[in-house]
Amino acid sequence: MASVTDTGRFGDSALRDEALESFDQLFRKTLTQVDAESEAGNYDDAEKDYALLQELPAVGVAAQTDFEGKLLENGYREADARFAEGKYSSAMDLFGKLGDYGDAPTRTLECGYLAAGQHMEKEEYKKAAESYMLCAGYKDSDEKALEAKYLHCLSCAEKPDDDAYDYIEELAASGYPGAQAVRDVIYQWHVEIRNGLSLLVGSQQSSHIRVFLYGGPPGASTHLRLETTDNVDGSRTSWTSKDTCSRGGHVDASYNANTYEFSIFEREHTIKVYADDGQLIGSWTGVFTTDFMQDG
């Protein structure tokens, strides 16, 4: 025969079971709603809601729910949606986060390959090379990566960046067609000459000249000598930079005249730039501009 205490215990147990059953029903309903969010494409909301549900007490359906699987499935849906929209770079990142889930590794490679193709069409060769390298071994990605690297080097041969130097060495070493000729261009000095009004007061005239240096052997530097010729009377001036300049740097000089007879901003001039070895590495012919020069 049950005691009063026992009756109380049995009553508490029934209340507890009723509460757990209510919790379980609410959890089922909420989980169904979150699954529907994921299927409807509300991926961020679904991910947050799965994370919140995962923090609830692990009883009933909650204890049996594979939240990691739910999150992976939600992530796969999002990646697949990006793929369907042609957003291959974004899809590649999302598939890559899924690890070994389903066919995510293969989809990651596929997205990288297609993203690289998009970059090639837009002539974004460095991005294409990087994408092809991410899916190395997939289809003809390795050959495509070399092609993208070559096209990048070709497109910036006179203004090479750090990647161009790395790429061209790899291509030349592998005997890639045309690589040696492009390497020769990259290893030459190239300059870009800009000018602008420095002073124009009475007889005092001065044009600011800025010379940007590109290319050349890695790590090399050179003084820059500017020979400026007035193409009307043939007069010449010469200026040599005090310090050496390396790839990506620039030097500043000026061309000065003190005369009321003419304006240097109306007469044609020629500027020739020479490296330390006497090689002519760039020239400019025209009329000095009266616009203030903008830093580039």
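Treat the numbers as computed from the prediction; the structure is a model and nothing was measured. (Residues numbered from 1 in each chain as written. Predicted model: local features only at pLDDT ≥ 70, side-chain atom pairs only at ≥ 80, totals over all residues. Heavy atoms only, no water.)

Caption draft 1: Broad picture of the sheet that holds strand β4 (residues 225-230). Within the open sheet, the four strands sit side by side as β5-β4-β8-β9. Their pairing is antiparallel. Only two strands of the sheet have a single partner each, and these edge strands are β5 (236-240) and β9 (280-287). Within this sheet the neighbouring strands show an average axis-to-axis angle of 15°, counted without direction. Sheet topology places β4 next to β5; five bridges connect them, and they run antiparallel. Bridge pairing in β5 places R225 opposite T240. (Pairing = 2+ DSSP bridges. Helix = DSSP H or I, 4+ residues; strand = E, 2+ residues; numbered from the N terminus. Axes fitted to C-alpha atoms, helices over the stretch in contact; angles between N-to-C directions.)

Caption draft 2: Examining helix α5 (residues 88-96) more closely. If you check which residues of α5 are buried, you get Y88, A91, M92, L94 and F95. Seen along its axis, α5 keeps its buried residues to an arc of 170°; they face one direction. Considering only its buried residues, α5 is in contact with α4 (67-84), α6 (104-121) and α7 (125-134). (Buried < 20%, exposed > 50% of the residue type's maximum accessible area, 1.4 Å probe, protein only. Arc of directions from axis to C-beta. Contact = heavy atoms within 4.5 Å.)

Caption draft 3: Unusual backbone geometry, seen in detail. Residues other than glycine seldom take positive phi values, yet E123 does so here, at roughly 60°. Tracing the backbone through its elements, the reader meets E123 in the loop between α6 and α7. Using a relative accessible area of 57% as the deciding quantity, one classes E123 as exposed. If you check the backbone angles, K139 has positive phi at about 50° while not being a glycine. Mapped onto the secondary structure, K139 falls in the loop between α7 and α8 (141-155). When its relative accessible area of 62% is taken as the criterion, K139 is described as exposed.

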